[in-house]
Amino acid sequence: MTPITLKTYQQQALAALSAYAQAARLQGAAQAFLQQAGRPYQAGAFDRVPCVCLRIPTGGGKTVLAAHAVPLLARDWAAVDAPVALWLVPSDAIRQQTLKSLQTPGHPYRAALVEAYGEGLQVCTLDDVAQIAPPDWGRRAVVVVATIQSFRVEDTGQRNVYSFSEAFERHFKALDERALAPLHALPDALVTPEDAERDATGVLAGFVGQPRWSLANWLALHAPIVIVDEAHSSKTDKSFAALKRLQPSFILELTATPLPAQTNVLYHVSAQQLAAEDMIKLPIVLAEHREGWPAAVLAAVQTQRQLEAEALKDEAAGAGYVRPIVLFQAQNAGEEMPPEKLRDYLVDELKLPANQIVVATGKERGLDDIHLAARDCPVRYVVTVQALREGWDCPFAYVLCSLQKLSSATAVEQLLGRVLRMPYARRRGRASLNHAYAHVCAAEFSQAAHALTDRLIEHMGFEALDVASMIAPPSSLPLWEGLESNQALAPVQQAPIATIFNSIVPTPELLAQPGVQLRQQADVTQLVVLGHIGPQTEALLLAQVRGAKKQEQLRQQVAQHNALEAAQAAPATHGLPFAPLPRLAYRSHAQAPLWPLEREAVLEAVEVDWLSPAAVQLPSQQRVQEPDLFEIGMDGQRLTMRLADGAQMPMDWHTSSIDADTLVGWLDQSLFKALADLTQAQRRAWLAAVVNHQLHACGVPLVALAQGRFRLARALEQHAAELRQTAAQRAFRQKVLGEGDAAGAWLVEPDWARPHVFEPGRYPAPAATRYGGRYRFARHYFPVLADLKDGGEEFACAQLIDRHPRVRHWVRNLDTAPCGFALPTSRGRFFADFVAELVDGRVALLEYKGAHLQSDPYELEKRQVGQLWARASGGRALFGWLSKDGLAQQLDAALA
């Protein structure tokens, strides 16, 4: 099975989790969250136990993130080599699927854990916990997969996990009273007289007042790291009580739809990030069929045939095998077109082969034992009504055809979630295979778009500004080009975005506003607004609404309307190209080949002396032996110790079973990735030198280094990065910028043969930094705009760029490779704030800098690189370094 390479947004989510875990150890859960997320921490039921959430929309790969999070939290929070993790899921079907993945050798989810803990890793069910040998606890990582329902009860006597079990005798008998003491403070953890009375064997009579030999108590003693999948369904008092009873050390929640008032969202992934990383298909091409369900069904079938033809061409060009599948959402029993009748219609009227159709309902289990991704599988159409079986996968789902009203269909988000997922998480060569398709029955255009928008936002974890660019009309569908003669598939002219405002009186003042009109629908007169809703129109709408909550709902409705309308007008939505931007490249001499200029190329040209005095001395290091117990630090060459909260040192500082070689071996294994550019001999020599310096020159006891090994590993990783950075900066100035010895400088030039191209649909705008202000940018290339606050100096700069007569369109450049455009620096990459294409075809990089950064050495290096890029382009590219004073004049000069 092919290992999973983490996507950029997944790496960013894990990096945020790592930074939080490290900060929480020192500052506490609340302060660390406030510092990192910029919002107050909701302590809720868990007090000082960190409880944070990674918000990942449908299709974002929550399970693989959870698998990587276990060793991360074990290292950065718990500081243990062999953690106990409790992985909680919402249903038994998902439990079985997750357990199978984590137990299957070679599966990417298991591989993330095996990489950290080896094949000795224990992944088990609740029933298997007692079978793990007592000596293995603390030596092997243990991951227990269970449903939250297994622990969620009012009466703990109703669940086996809380019951006295002689299977745990050998586990509990090995512990003394001091080790069992924490259980005495837990509710329902002790054997009661009532337990003894109910026990027919009489065994419990001698245990009254003692901790039960139970699974829950055993887990609580190990303070497990708890992973909660689909955490929004676990925000109940029973769930909180069950989790607290397990004494977790850390709770990580994963969900697409967190409950805002009860969830600490640490990192939020957007649809744009998923699409840019080829996790989901965007946009959803939505065709609304006012003619009724026969037109929708026929169009869905023909869409499948066209997609399959495209897939065959794609496979012939070297892509993987794909057989596009339609998911039909039939009507309910008793209505015109229930599942069985729809299957008969497909076979009898549309003449589809019967073996290409399966029905999956509560009664018919047509999907059982079918491997849909197999080449010899004939299935191309799946008919269902409500939810498909949980855990069921449909890797080739491309088309959703709903015969129900989207506003009332209760399971459309589950079907749509499967249609959105990209096969193999890889972009396809044929453009039509990178989209999802929806054929729905609707009384009028835009009605289904709004219903689908509500589903995507309320149930699938997408933001309103995400959804603005997620839905496209059939006219944008390349699949339908040349099929105008086919009535079912003929492109439909893009209808303007129209929003119905119920309970709004059509006053003369409102009707006089642009785009406001009345429509008759089923003998009901409705007020409808088309096009952009300006401040005056919004104020007139709000004037008729009473109550803060209803006014906020109307504001959100207006914002969603304007986002959809803006997305419709964006150049990228219409497929207009953005001029290519040349990357920088270099030659070592005039006859040498041209190579991409990256920091890595500079690093290859320098050598770090890993055994020099500066390399083996840690400039500053603080080690924590145990959370909240005591700290060890270096004050110059002097060792300092500080007890925290008056706690006693829980160990003998003069004896330890560990030796220096064992510690070096552990560090070598832990830092393998961070020091991958070194050979093992080089790594171990450097690590041994650092450890020896700490022991002999600084006088740090070996036992202190061993107890603080996780902190030591992080300090070493940071020190190695600083050593590389010092060498890279010196070489970059010499070889790229031509400072110092000019004889060693490279020949730097633009690479027009391999330029950077801004592609429609590949703008991974993080949800947390999305622009949501009232000002309407008219020329931004993408439908959404990120990393820009509503107001401030950069906002004013963006407004000037948007209005400048020489600018055709522009992009708020994101510092996310490969979607953003970057120039190399000694530290990595420089992503200028704005990229513009001018009306004369030239391109411009524009960087805004506040006064406090104008003289910063690294900022000056960025400016030098930008100017070098512009000079080397031969007049085809421009670079502007902008500041507050005289901003408009500076922009004019930069774009001249």
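Just above, that's the structure.
Per chain, residues are indexed from 1 in the order of the written sequence. Residue-level local features of this predicted model are given only where pLDDT is at least 70; pairs of side-chain atoms are given and counted only at 80 or more, and the full residue set underlies all totals for whole chains, interfaces and linings. Only heavy atoms go into the side-chain values, all of them from the structure, while hydrogens and water stay out.

Engineer: It is not clear to me how unusual backbone geometry should be interpreted in this structure. Could you clarify?
Structural biologist: Peptide bonds are, in most cases, trans, and in most cases residues other than glycine have a negative phi. Cis geometry is found at the peptide bond from Leu-282 to Pro-283, where omega equals -5°. Each helix is a run of DSSP H or I of at least 4 residues and each strand a run of E of at least 2, with the numbering of both proceeding from the N terminus. Turning to its location among the elements, Pro-283 is positioned in the loop between helix H11 (271-276) and strand E8 (284-289). One non-glycine residue with positive phi stands out, namely Ser-503, at about 65°. Here Ser-503 shows up in the loop between strand E15 (498-501) and helix H17 (508-511). One non-glycine residue with positive phi stands out, namely Asp-787, at about 55°. Tracing the backbone through its elements, the reader meets Asp-787 in the loop between strand E23 (747-756) and helix H26 (793-803).

Engineer: Honestly, the packing of aromatic side chains in this entry has me stumped. Any pointers?
Structural biologist: A ring pair, where both rings are aromatic, is described by two values, the distance of the centres and the angle of the planes. Whether two aromatic rings pair depends on their centres lying within 6.5 Å, for rings of Phe, Tyr and Trp, where Trp uses its six-membered ring; planes under 30 degrees apart make the pair stacked, over 60 edge-to-face, and the rest tilted. Tallied over the full model, the rule gives 33 aromatic pairs. Ring centres of Trp-77 and Phe-250 lie 5.8 Å apart, and the angle between their planes is 65°; this geometry places the pair in the edge-to-face category. Of the two residues, Trp-77 is situated in helix H3 (residues 62-78) and Phe-250 in strand E6 (residues 250-255); the sequence distance between them amounts to 173 residues. A single burial state applies to Trp-77 and to Phe-250, both of which are buried. A ring pair is formed by Phe-830 and Phe-879, whose centres lie 6.5 Å apart and whose planes are at 75°; its orientation type is edge-to-face. Of this pair, Phe-830 sits in strand E26 (residues 829-830) while Phe-879 sits in strand E29 (residues 877-882), and the two are 49 residues apart along the sequence. Accessibility classification places Phe-830 together with Phe-879 in one group, the buried group. In textbook terms, an aromatic cluster arises when at least three aromatic residues are bridged by ring pairs, as seen for Tyr-771, Tyr-775, Phe-777, Phe-795, Trp-810 and Phe-834. The aromatic ring of Tyr-398 is capped on one face by Lys-281, whose charged end is 4.2 Å from the ring centroid. Put simply, a charge is over a ring when the Lys NZ or the Arg CZ is close to the ring centre, within 6 Å, and near the line of the ring normal, within 35 degrees. When the ring centre of Tyr-858 is taken as reference, the NZ or CZ atom of Arg-827 above it lies at 4.1 Å. Relative accessible area decides the class of each residue, using a 1.4 Å probe on protein chains only: under 20% of the type maximum gives buried, over 50% gives exposed, and in between gives partly exposed.

Engineer: Looking at this model, I keep getting lost on the sheet that holds E29. Mind explaining?
Structural biologist: Strand pairing in a sheet takes place through backbone hydrogen bonds and is either antiparallel or parallel in direction. Two strands qualify as a pair provided DSSP detects at least 2 bridges between them. If you trace the four strands from one edge of the open sheet to the other, you get E24-E27-E28-E29, paired in mixed fashion. Only two strands of the sheet have a single partner each, and these edge strands are strand E24 (807-812) and E29. On average, each strand axis in the sheet is tilted by 20° relative to the strand beside it, whichever way the strands run. Inspection of the sheet shows strand E27 (residues 834-838) paired to strand E28 (residues 843-848) by four bridges, in the antiparallel sense. Considered in E28, the bridge of Val-835 is made with Leu-845. We call two residues in contact whenever any of their non-hydrogen atoms come within 4.5 Å of each other. Fitted lines through C-alpha atoms serve as axes, helices being fitted only where they are in contact, and the angles separating the N-to-C directions of these axes extend from 0 to 180 degrees. Together, E28 and E29 form the strand contacts of helix H27 (residues 857-872), whose direction differs from that of E29 by roughly 155°.

Engineer: Is there a simple way to explain the pairing of strand E2 (residues 84-89) in this structure?
Structural biologist: Along any regular strand the residues' side chains alternate between the sheet's two faces. The element E2 is largely enclosed, with a buried count of six among its six residues. Burial along E2 is two-sided: Val-84, Leu-86 and Leu-88 and Ala-85, Trp-87 and Val-89, pointing in opposite directions, are all buried. The pairing of E2 with strand E4 (residues 142-147) spans six bridges and is parallel. Bridge pairing in E4 links Trp-87 to Val-145. By the bridge criterion, four bridges tie E2 to strand E5 (residues 225-229) in an arrangement that is parallel. Paired with Leu-86 across the strands is Val-226, a residue of E5.

Engineer: Please explain helix H1 (residues 8-27) as it appears in this structure.
Structural biologist: Helical geometry note: an α-helix holds 3.6 residues per turn, so side chains three or four residues apart project in the same direction. Helix span, as expected, comes to 1.5 Å for every residue beyond the first. Relative to the 28 Å expected for 20 residues at 1.5 Å per residue, H1 spans 28 Å between its end C-alpha atoms, a close match to the ideal helical length. Within H1 the residues assigned to the buried category are Tyr-9, Gln-10, Ala-13, Leu-14, Ala-16, Leu-17, Ser-18, Tyr-20, Ala-21, Ala-23, Ala-24 and Arg-25. One or two steps after H1, the chain reaches Gly-28, where phi turns positive at roughly 95°.

Engineer: Just to check I follow, could you spell out the packing of helix H22 (residues 660-670) against helix H25 (residues 709-735) for this structure?
Structural biologist: Each packed pair of helices is defined by two parameters, the angle between the axes and the distance between the axes. Relative to each other, H22 and H25 sit at 55°, their axes nearing to 10 Å. As far as their axial angle goes, H25 and H22 are oblique. Read as a crossing pair, H22 and H25 show a hand that is right-handed. Side by side, H22 and H25 meet where Leu-663, Trp-666 and Leu-667 of the first sit next to Arg-709, Phe-710, Leu-712, Ala-713 and Leu-716 of the second. Residue polarity is assigned by list, with Asp, Glu, Lys and Arg as charged and Ala, Val, Leu, Ile, Met, Phe, Trp, Tyr, Cys and Pro as nonpolar; anything else, Gly included, falls into the polar class. Broken down by class, the residue content of the contact of H22 with H25 amounts to seven nonpolar, no polar and one charged. Under this scheme an angle from 65 to 115 degrees is roughly perpendicular, one under 35 degrees roughly parallel, and one over 145 degrees roughly antiparallel; angles in between are oblique. Helix crossings fall into two classes, left-handed where the near helix is turned counterclockwise from the far one by less than a right angle and right-handed where it is turned clockwise.

Engineer: I tried to follow the nonpolar core on my own but got confused; where do I start?
Structural biologist: Soluble globular proteins: nonpolar side chains tend toward being buried together. Membership of the largest hydrophobic core comes to 157 residues, with the highest contact counts inside it found for Phe-151 and Phe-328. Aside from chain neighbours lying at most four places away, what touches Phe-328 is Val-297, Ala-300, Val-301, Leu-342, Leu-346, Tyr-381, Val-382, Val-383, Thr-384 and Cys-401. Note on terminology: a nonpolar core comprises buried Ala, Val, Leu, Ile, Met, Phe, Trp, Tyr and Cys residues joined through side-chain atoms within 4.5 Å. Counting 38 residues, the second largest nonpolar core, distinct from the first, contains Leu-597, Ala-601, Trp-746 and Val-748.

Engineer: Sorry, what's going on with helix H13 (residues 339-348) here?
Structural biologist: Taken as a whole, H13 has its buried residues at Pro-339, Leu-342, Tyr-345 and Leu-346. Across the axial projection of H13, the buried residues extend over an arc of 120°, all falling on one side. Among the structural elements, helix H12 (293-316), strand E9 (325-329), strand E10 (357-359) and strand E11 (381-384) are those in contact with the buried residues of H13. In this context, the arc is that of the directions from the helix axis out to the C-beta atoms.

Engineer: What's the story with a negative patch on the surface in this structure? I'm lost.
Structural biologist: The residues that make up patches have over 30% relative accessible area and no salt bridge, and they are joined within 9 Å when like-charged or within 5 Å when they are Val, Leu, Ile, Met, Phe, Trp or Tyr. All accessible-area figures derive from a Shrake-Rupley calculation using a 1.4 Å probe, and residue coverage is judged against the displayed protein chains alone. Should a side-chain nitrogen of Lys or Arg be within 4 Å of a carboxyl oxygen of Asp or Glu, the pair is scored as a salt bridge. When charges are counted, Lys and Arg are positive and Asp and Glu negative, with His and the chain ends excluded. Every charge is mapped onto a representative atom, which is NZ of Lys, CZ of Arg, CG of Asp or CD of Glu. Together, Glu-340, Asp-344, Asp-348 and Glu-349 line one region of the surface with negative charge. Residue placement: Glu-349 occurs in the loop between H13 and E10.

Engineer: Where do I start with the sheet that holds strand E19 (residues 595-596) in this structure?
Structural biologist: Sheet architecture is open: three strands sit in the order E19-E18-E23, paired in antiparallel fashion. What marks the edges here is a single partner per strand, and that holds for E19 and E23. With six bridges connecting them, strand E18 (residues 581-587) and E23 associate as antiparallel partners. The residue of E23 that forms the bridge with Arg-583 is Asp-751.

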